[in-house]
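Analysis of the macromolecular model
These are the residues of each chain, in order.
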Amino acid sequence: MPKALITGITGQDGSYLAEFLLTQGYEVVGMVRRTSTVNFHRIAEIQDQIELVPGDLGDQISLIHILEQHRPQEVYNLAAQSFVQTSWTQPVFTGDVTGLGVTRLLDAIRIVDPGIRFYQASSSEMFGKVVEVPQRESTPFYPRSPYGVAKVYGHWITINYRESYGLHATSGILFNHESPRRGREFVTRKITNHVAQIKLGLTDELRLGNLDAQRDWGFAGDYVKAMWLMLQQDEPQDYVVATGETHSVEEFLRVAFEYVNLDWHDYVIQDPRYMRPAEVDLLVGDPSKAGANLGWEPAVSFTELVKMMVDADIELLKVSS
Ligand code: NAP
Ligand code: F7E
């Protein structure tokens, strides 16, 4: 039975990837960091089918021990300080975990077993102030936040370990992907959570920042399959994973509110607290390489994604109220 280690298993993508790998017959080991309160809600349903081990991307000894003890054939590095806004208030921490953490893990692999196949969660935030539309694997990077800068470092150190030590190390340059398990601080989930609250009479306002930003939003459940496909290839290569469509925050708002027969103009307040020091205005990926080499394509459309998230948030609030 193949064995995979997932860092960031308690996050959105980690939980979907763990479920997917279980369906592929994998033994799944998840690295979790010590927290004062247990945060296993996303993996609660599969907790008895996976093994959770303590570790932290900031602590290289823990990474070496985990690899030595569990001997995975594949490592998926999904752990990161992943919230762009927080990266301005915690830029050094973000650089340490999201950037240097990749080196710690790659070097642990080099020391323990250089035959391990490695996946790095790179990001469309590396394209930032875009120099080409749509963005593809060859598009130059121009990150616009400490998070984006840290991801560029993680991306290049992955390439460097591949070229220096011959590791099967690849990066998926994933564009925004969302789901009912998305953290509530990200704009899509913030919107669908508030639409549900407003619909159920629990609040009457939604405070947001820049409504003009455009993103290429897909469904996380589709995107984790691309991660796995990348590690099944003989030759390690980097891939853009995206839908090829872009939509503004305002459009997301409109579709979400219209779905429950409300007009977003009646509830949304623009609040400078949610504006960013530097914005990424337009992201749209070209996933044709992933289509051609991996046979990957997204299954869930933009409108289906918005409706899925609104439905799930209404259901969640009904159950908890
Ligand atoms: P997420 O929900 O924020 O999950 C992040 C995970 O990283 C959590 O499990 C978190 O653990 C863990 N983590 C944070 N700091 C850690 C540390 N020092 N040591 C060990 N674990 C740590 O993120 P996501 O949306 O699933 O994204 C997964 C990865 O893809 C991230 O690297 C993200 O930057 C990247 N990415 C995401 C997107 C997207 O649109 N979702 C797009 C491109 C790239 P706790 O639960 O303990 O906090
Ligand atoms: O912002 C705007 C905000 O925080 C999207 C992460 O997964 O995807 C994610 O990063 C847009 C931005 O995601 C609010 O200014 C307006 O333009 O949902 P977000 P993100 O910054 O695109 C990439 C690919 C990653 O790699 C990251 O890890 O929405 N926006 N008003 C707002 N954003 C938030 N969060 N909150 C607002 O109130």
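A few points on the structure. (Residues numbered from 1 in each chain as written. Chains lettered and ligands numbered in written order. Predicted model: local features only at pLDDT ≥ 70, side-chain atom pairs only at ≥ 80, totals over all residues. Heavy atoms only, no water.)

**Some remarks on the site of ligand 2**
Inspection of the region around ligand 2 gives 23 residues, with Ser82, Ser123, Tyr147, Arg276 and Glu279 positioned closest. Measuring from an oxygen atom of ligand 2, one finds a backbone N or O atom of Ser82 at 2.7 Å. Note that an oxygen atom of ligand 2 is positioned 2.8 Å from one of the backbone N or O atoms of Val187. Relative to its unbound accessible surface of 700 Å², ligand 2 loses 96% to contact with the protein. At the level of elements, helix H6 (187-199) and strand E8 (206-208) are the ones that each hand at least two residues to the shell around ligand 2. Looking at side-chain class alone, the shell around ligand 2 contains nine nonpolar, six polar and eight charged residues. Residues lining the shell around ligand 2 come from more than one domain, with at least three contributed by each of domain 1 (3-177 + 217-241) and domain 2 (183-215 + 245-283 + 291-320). (Near = heavy atom within 4 Å. Polar contact = N/O pair within 3.5 Å; in protein donor to acceptor, adjacent residues only side chain to side chain. Areas by Shrake-Rupley, 256 points an atom, 1.4 Å probe, with all protein chains shown as cover. Helix = DSSP H or I, 4+ residues; strand = E, 2+ residues; numbered from the N terminus. Nonpolar A, V, L, I, M, F, W, Y, C, P; charged D, E, K, R; others polar. Domains from an automatic or database assignment.)

**Structural notes on the site of ligand 1**
Taken together, 25 residues are adjacent to ligand 1, and Thr10, Asp13, Arg33, Ser82 and Tyr147 come closest. Gly11 is positioned with one of its backbone polar atoms (N or O) 3.0 Å from an oxygen atom of ligand 1. A distance of 3.2 Å separates a nitrogen atom of ligand 1 from a polar side-chain atom of Arg182. For ligand 1, the protein covers 90% of the area, taking 900 Å² as the surface of the free molecule. Of all elements in the fold, only helix H1 (12-23), strand E5 (117-123) and helix H5 (146-165) reach the threshold of two or more residues within the shell around ligand 1. The greatest single-element share of the shell around ligand 1, amounting to three residues, is contributed by E5. Partitioning the shell around ligand 1 into residue classes produces ten nonpolar, ten polar and five charged.

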